[in-house]
Each structure stands twice: as structure tokens, then as C-alpha cells.
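Now for the letters of each chain:
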Amino acid sequence: MTLRTAIQQSKILTFVVLGAFVWLLLTLFDVASTIDLATGTTSFVGQNALGGVAGVLVLTIVLGALVVLYSEITETDPAPQSWPPSEE
């Protein structure tokens with residue numbers, strides 16, 4: 001079963017993935033807005049700039065994975081090209 005078939009058969013999965021994307025995006029904005037670059041790395045207790053940057057990096061990677069998942073789902077032709085190529 002391909003991802004496209006799974007989403008066509010389970011509409012709730014589409015809403016769950018979309019909801020996760022929106023929630024992660026809002027969390028990314030919240031983390032980015034709380035970063036205080038003036039603290040630097042002098043204090044490792046509580047919120048600091050290094051932890052905020054790491055959080056933003058991880059959330060960006062997860063959001064990128066969701067975008068790649070969506071692009072794979074919407075691919076119209078999942079099969080590779082035939083070899084040798086035919087002249088049409």
C-alpha cells in the first residue's frame with residue numbers, strides 16, 4: 001500500500017498529519033520568539049540561547065520531514081522511468 005492509497009482510504013490520517021504540521025509550526029514560532037540571544041551560553045539552567053536554537057533546528061527538521069512526506073504523497077507517477085528510454 002502506498003502513502004497515497006493510505007490517505008485516500010483514511011481521511012482522518014490527512015487531518016492528523018495536517019494538524020501535526022500546524023501544531024509544530026506554531027510551536028516553532030513560540031520557541032523562536034522566546035530565544036534571548038543576549039544570554040548566550042553563560043547559563044545552562046533554564047532557557048538559554050543554545051537550547052532555543054537547538055529546539056528551532058529540531059522543529060525545522062521535523063517540519064521538513066512532513067513536507068517531504070506530503071510531496072511523496074502528491075507525486076503523480078511513483079514508478080521509475082523505463083530503461084532504455086523509448087522514443088515517442
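Residues numbered from 1 in each chain as written. Predicted model: local features only at pLDDT ≥ 70, side-chain atom pairs only at ≥ 80, totals over all residues. Heavy atoms only, no water.

Points about the overall build of the protein chain
- A tally of helices and strands in the protein chain yields 3 helices and 0 strands.
- Within the protein chain, buried positions represent 12% of all 88 residues.
- For the protein chain, the accessible area works out to roughly 7,100 Å², and carbon and sulfur atoms hold 69% of it. (Helix = DSSP H or I, 4+ residues; strand = E, 2+ residues; numbered from the N terminus. Buried < 20%, exposed > 50% of the residue type's maximum accessible area, 1.4 Å probe, protein only. Areas by Shrake-Rupley, 256 points an atom, 1.4 Å probe, with all protein chains shown as cover.)

With respect to a nonpolar patch on the surface
- Nonpolar side chains collect at one region of the surface, where Ile-12, Leu-13, Phe-15, Val-16, Leu-18, Val-22, Leu-26 and Phe-29 lie side by side and expose about 820 Å² of accessible area between them.
- When its relative accessible area of 59% is taken as the criterion, Ile-12 is described as exposed. (Patch = residues over 30% accessible without salt bridge, like charges linked within 9 Å, V, L, I, M, F, W, Y side chains within 5 Å. Salt bridge = Lys/Arg side-chain N within 4 Å of Asp/Glu carboxyl O.)

Topic: the UniProt feature "transmembrane region" (unreviewed entry) in the protein chain
- Cross-referencing UniProt, the feature "transmembrane region" (unreviewed entry) maps to residues 12–29 and 49–70 in the present numbering.
- Within residues 12–29, the helical portion is 100% and the strand portion 0%, while the C-alpha atoms at the span's ends are 26 Å from each other.
- The span residues 49–70 shows a helical share of 100% and a strand share of 0%, and its end C-alpha atoms are spaced 31 Å apart. (UniProt positions renumbered as here; feature names shortened; annotations may be inferred.)

Some thoughts on the nonpolar core
- Counting 5 residues, the largest nonpolar core is built from Leu-24, Leu-28, Leu-59, Leu-63 and Leu-66.
- Listed by contribution, the elements that provide at least two residues to this core are α2 (11–34) and α3 (49–73).
- Top element by residues in this core is α3. It accounts for 3 residues.
- If sequence neighbours within four positions are ignored, Leu-59 has contacts with Leu-24, Thr-27, Leu-28 and Val-31. (Core = buried A, V, L, I, M, F, W, Y, C linked by side-chain atoms within 4.5 Å. Contact = heavy atoms within 4.5 Å.)

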